Amino acid sequence: MLREYQQRTIDQLYAWFEAGNAGNPCLVLPTGSGKSHIVAALCKDAVQNWPETVVLMLTHVKELIEQNAEKMRQHWPGAPLGIYSASIGRKDLGEPITFAGIQSVRNKAKQLGHVDLVIIDECHLVNHKDEGGYRKLLGELKAINPHIRVIGLTATPYRLGHGLITDEPALFDDLLEPVSIEELVFKGYLATLRSKITKAKLDTTGVHKRGGEFIESELQAAVDTDDKNQAVVQEVVALAGDRKAWLVFCTGVKHAEHIASVLRQHGVATECVLGETPKKERERIIADFKAGRIRALTNANVLTTGFDYPDIDLIAMLRPTMSASLYVQMAGRGMRVKSHTDHCLVLDFAGVVASHGPITNVQISKKSGTGNGEMPVKVCDNCQELVHISIMICPACLHPFPEPEHKKLELHHDDIMGLEGKDLEITTWNWRIHTSKASGKLMLSCTYYGELSDKPITEYLPVLHDGYAGQRAMQQLFTMAASSGANLAEASTLQGDEALDYMSVQMSNSAPPKLIEYRKDGKFFRVIKRNWE
């Protein structure tokens, strides 16, 4: 059985195709949302409903091929499934569904033949230009079947130095975002992250960039020193407490080896996983890590995708990066629901949270952007918890922060989960009916006004939409009505435009909140809190 949001994802995808959209859509799904289950359901549905359909599922690492194939067999035990991957040791052809590694099939278009649907996991790795292994294979498959369609899946729909994967030139034409990190955390499908500021800092001053990213040799030289390694490890050990599964992201091979050595000096059972680690040795190390025989794993560019161990409860970021995608992939390793705690501690020695923002609202640098903006934070004097500047009581130790000097603050959020926002004191609000440009559906909008110098903030409530979005919006509306004194008793007797018109009039004539807390969410704003006191 699919979870509700997983079925919602498939429904939105079909609705996108049924609306007559040409081109290739990309499903944006948070790390840990179960992309492999969605892929399995898509493949099964396509082949069972259209028996002549040929599906090719592509990804770049064998671990993802194995995960996706395993979920396919769970959903459909008798699935006509083949695997084509040299690293797995199989080269199956001729089945209606083929799960393949791009390195193994990039030159095999003729052998694959007519393909109707290509599904690409981690599709942000596809070059936006018409070059590279993915684009070469897709071009040759399109020559065989001009009507081939491509569906992408990723948690990070952007590329370093380019922007969104839908920005021209692009393979993908639209982004579908059926579920958010916040919803998955709220529903208990993901664990939250907590971050503390660190005393040790990894300075990248003087490190040059190539292709928008730090040059690895220069980066290692800058951060991989005996003094820094000792300082970082001492702080990790001090802050870790009784946490049982630590994952450490390093800048390169030597750095990962050196950090592992220093951790062992401090009595921490540690192993190092590298790209060159033999297959059987890597499997043994990861098995020992999951069994608790190893407490810490260091790695260099290895354990970012295709590696999932839910009970990871500490992540140490020792890898400065200009890549927002890499940052989210690293952080995502700690968001699986755990058997022993409700969160994962992130120690950001590399300053990536400040550089890229919270994972719920990552700041994507465009082609001409630098991505070097800093976001303000503050630190609890009592326990050194790193929190957003607007927090007044530390969530970790309940230590109060001093009152701000000014009553009205322009606040920004920098905690890794992005749970806090800006404050706006409200003078009035206005409700109206809004037509969505994307879907053409009607919804309610509420615009909050402050002083003349304040920018108005508008939020949208799709109260008439089906499914979770509509239910959540209607629940929010009635919660607001109860606080504002609005009477929506007759709403249930009305439908469509009449219902929206009635609700907008009743809400506009009621008392607005005294203050709201909001944050930017993509192109729009999300109101986090409303205070009538």
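Just so we're clear, the structure is a prediction, and the values are computed from it rather than from any experiment.

Draft legend 1. Spatial organisation of the overall build of the chain. When helices and strands are tallied, the chain shows 15 helices and 26 strands. For the chain, whose C-alpha radius of gyration is 25 Å, the value lies close to the compact-globule estimate of 24 Å for 533 residues. If one aligns the C-alpha atoms of the chain with their principal axes, the spans along those axes are about 70 × 60 × 45 Å. Within the chain, the fraction of its 533 residues that count as buried is 53%. Intrachain contacts of the chain at a sequence separation of at least 6 include 66% that bridge at least 24 residues. When the accessible surface of the chain is summed, it comes to about 24,500 Å², and 50% of that surface belongs to carbon and sulfur atoms. Counting 59 positive and 65 negative side-chain charges, the chain places the averaged centre of each group 4 Å from the other.

Draft legend 2. Broad picture of the sheet that holds strand S4 (residues 90-91). Here we have eight strands laid out as an open sheet, ordered S4-S3-S5-S2-S6-S7-S1-S10, and mixed in their pairing. Each having just a single partner strand, S4 and strand S10 (174-176) make up the two edges of the open sheet. With four bridges connecting them, strand S2 (residues 55-59) and strand S6 (residues 117-121) associate as parallel partners. Paired with leucine 58 across the strands is isoleucine 120, a residue of S6. Contacts from helix H1 (residues 4-18) reach strand S1 (25-28), strand S7 (149-154) and S10, with the element oriented near 160 degrees to S1.

Draft legend 3. Molecular detail of the pairing of strand S15 (residues 270-273). Pairing geometry for S15 and strand S16 (residues 296-299), over four bridges, is parallel. Its bridge partner being in S16, cysteine 272 is matched across the sheet by threonine 298. Taken together, S15, helix H11 (residues 279-291) and S16 form a β-α-β motif whose crossover is right-handed.

Draft legend 4. Examining unusual backbone geometry more closely. Backbone torsion omega between glutamate 168 and proline 169 reads -10 degrees, so that peptide bond is classified as cis. Within the secondary structure, proline 169 is located in the loop between strand S9 (163-164) and S10. Positive phi is not limited to glycine here, since glutamate 122 has a value of about 55 degrees. In this structure, glutamate 122 sits in the loop between S6 and helix H6 (133-144). Even without glycine at this site, asparagine 301 takes up a positive phi of about 60 degrees. When you line up the elements, asparagine 301 lands in the loop between S16 and strand S17 (314-317).

Draft legend 5. Local environment of the pattern of salt bridges. In this structure the tally under the stated criterion is 21 salt bridges. Lysine 187 is the partner of glutamate 4 in a salt bridge, and the nearest nitrogen-oxygen pair spans 3.6 Å. With glutamate 4 in helix H1 and lysine 187 in the loop between helix H7 (181-186) and strand S11 (192-196), this residue pair connects regions lying 183 residues apart in the sequence. Residue lysine 187 is classed as partly exposed on the basis of its relative accessible area of 30%.

Draft legend 6. Expanded view of the packing of H1 against helix H2 (residues 35-49). At a minimum axis separation of 10 Å, H1 and H2 run at an interaxial angle of 50 degrees. On the basis of their axis angle, the class for H1 and H2 is oblique. As for the relative orientation of H1 and H2, their crossing is right-handed in sense. Contacts from Gln6, Thr9, Ile10, Leu13 and Tyr14 in H1 reach His37, Ile38, Ala41, Leu42 and Asp45 in H2.

Draft legend 7. Representation of helix H12 (residues 324-332) within the structure. Most of H12 sits inside the fold, with nine of its nine residues counted as buried. Inspection of H12 places Ala324, Ser325, Leu326, Tyr327, Val328, Gln329, Met330, Ala331 and Gly332 among the buried residues, and these make up the whole buried set.

Draft legend 8. Broad picture of the confidence of the model for the chain. Within the chain, residue pLDDT values average 87, and 91% of them lie at 70 or more. Per-residue pLDDT, averaged within each element of the chain, yields its smallest value for strand S19 (residues 377-379) (63) and its largest for strand S14 (residues 246-249) (98). In the predicted structure, residues 368-376 sits below a pLDDT of 50 and forms 18 contacts with residues beyond four places in sequence or in another chain. Confidence drops under pLDDT 50 across residues 405-414; counting only partners more than four residues distant or on other chains, this segment forms 32 contacts.

Draft legend 9. Spatial organisation of the environment of glutamine 475. Mapped onto the elements of the fold, glutamine 475 is located in helix H14 (residues 467-484). For the pair glutamine 475 and valine 463, spaced 12 residues apart in sequence, the C-alpha separation works out to 8.6 Å.

Draft legend 10. Local environment of the packing of aromatic side chains. For the structure shown, the criterion picks out nine aromatic pairs. When the centroid spacing of 5.6 Å and the interplanar angle of 80 degrees are considered together, the rings of tyrosine 518 and phenylalanine 525 count as edge-to-face. Aromatic rings pair up to connect Trp429, Trp431, Tyr448 and Trp532 into one cluster.

What counts and how
The residue count restarts for each chain, going from 1 along the sequence in the order it is written. A pLDDT threshold of at least 70 governs which residues receive local features in this predicted model, and a stricter bar of 80 or more applies before side-chain atom pairs are shown or counted, although totals over entire chains, interfaces and linings include all residues. With hydrogens and water excluded, all non-hydrogen atoms of the structure serve as input to the side-chain values. Numbering of helices and strands runs from the N terminus, with a helix taken as a DSSP run of H or I at least four residues long and a strand as a DSSP run of E at least two residues long. Two things to know: the radius of gyration comes from C-alpha atoms, and the globule rule equals 2.2 Å times the number of residues to the power 0.38. The classification of residues rests on relative accessible area computed with a 1.4 Å probe and restricted to protein chains. Under 20% of the type maximum is buried, over 50% is exposed, and intermediate values are partly exposed. The contact rule is simple, with two residues in contact once any of their heavy atoms fall within 4.5 Å. All accessibility values rest on the Shrake-Rupley procedure with a 1.4 Å probe; residue burial counts only the protein chains present in the view. Positive charges come from Lys and Arg alone, negative charges from Asp and Glu alone, with His and the N- and C-terminal ends not counted. Taken as the charge centre is NZ of Lys, CZ of Arg, CG of Asp or CD of Glu, depending on the residue. At least two DSSP bridges between two strands are needed for those strands to be called paired. In this analysis an axis means a line fitted to C-alpha atoms, helices contributing only their contacting stretch, and an angle means the value between N-to-C directions, from 0 to 180 degrees. Handedness rule for crossovers: strands pointing away from the viewer, path from the first strand over the helix to the second running clockwise, crossover right-handed. Basic side-chain nitrogens of Lys or Arg form a salt bridge, by our definition, when they fall within 4 Å of a carboxyl oxygen of Asp or Glu. Angles are sorted into four bins: roughly parallel if under 35 degrees, roughly antiparallel if over 145, roughly perpendicular if 65 to 115, and oblique for all others. Each helix crossing is assigned a hand: it is left-handed if the near helix lies turned anticlockwise from the far helix by less than a right angle, otherwise right-handed if that turn is clockwise. Here pLDDT means the predictor's own confidence in every residue, given as a number from 0 to 100. Each aromatic pair joins two rings of Phe, Tyr and Trp (for Trp, the six-membered one) with centres within 6.5 Å, and gets the label stacked for planes under 30 degrees apart, edge-to-face for over 60, and tilted for any other angle.

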